[in-house]
Amino acid sequence: MEYVSPEVRIDAYIRNVANALDQIEKEGVKNEVVEIARAYLKDSIYYLSRGDQFNALATIATQRAYSMH
């Protein structure tokens, strides 16, 4: 198996969440959960841009857990 850096994996996770949120919004869903998920996504992108992989992963994972409830 080829090594993939944590930053690349987190970036892929972020892109998948962003794509899912875009699709949800295209379907006309707009509510508090979607807004909160977008805020966590924005935070995750910010942390990753600063090289803070731990918090980038933590915030995007928290978004996913929050939006599943």
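Parameters at a glance
- Residues numbered from 1 in each chain as written.
- Predicted model: local features only at pLDDT ≥ 70, side-chain atom pairs only at ≥ 80, totals over all residues.
- Heavy atoms only, no water.
- Helix = DSSP H or I, 4+ residues; strand = E, 2+ residues; numbered from the N terminus.
- Core = buried A, V, L, I, M, F, W, Y, C linked by side-chain atoms within 4.5 Å.
- Buried < 20%, exposed > 50% of the residue type's maximum accessible area, 1.4 Å probe, protein only.
- Contact = heavy atoms within 4.5 Å.
- Axes fitted to C-alpha atoms, helices over the stretch in contact; angles between N-to-C directions.
- Parallel < 35°, antiparallel > 145°, perpendicular 65-115°, else oblique.
- Left-handed = near helix turned anticlockwise from the far one by under 90°.
- Nonpolar A, V, L, I, M, F, W, Y, C, P; charged D, E, K, R; others polar.

Go over the environment of Glu35 with me, naming the residues and quoting the values.
Along the chain, the position of Glu35 falls in helix 2 (residues 32–49). Placed 14 residues apart in sequence, Glu35 and Leu21 show a C-alpha to C-alpha distance of 9.5 Å.

How would you explain the nonpolar core if you had to name every residue and give the values?
Listed in full, the eleven residues of the largest apolar core are Ile10, Ile14, Val17, Ala18, Leu21, Val34, Ala37, Leu41, Leu48, Ala56 and Ile60. Where this core is concerned, the elements lending two or more residues are helix 1 (6–26), helix 2 and helix 3 (53–67). Ranked by residue count, the leading element in this core is helix 1, at five residues. For Leu41, the residues in contact, after removing those within four places along its chain, are Ile14, Val17, Ala18, Leu21 and Ile60.

Lay out the packing of helix 1 against helix 2 in plain terms, naming residues and giving numbers.
Between two packed helices, the angle of one axis relative to the other and the distance separating the axes together describe the packing. At their nearest, the axes of helix 1 and helix 2 sit 11 Å apart, and the two run at 155° to each other. As the angle between them shows, helix 1 and helix 2 are arranged roughly antiparallel. Note that helix 1 runs across helix 2; the crossing there is left-handed. Here helix 1 contributes Glu7, Ile10, Asp11, Ile14, Val17, Ala18, Leu21, Asp22, Ile24 and Glu25 to the contact with helix 2, which in turn contributes Val34, Ala37, Arg38, Leu41, Ser44, Ile45 and Leu48. For the contact of helix 1 with helix 2, the class distribution of residues is eleven nonpolar, one polar and five charged.

The quantities given are spatial measurements derived from coordinates; they are silent on function.
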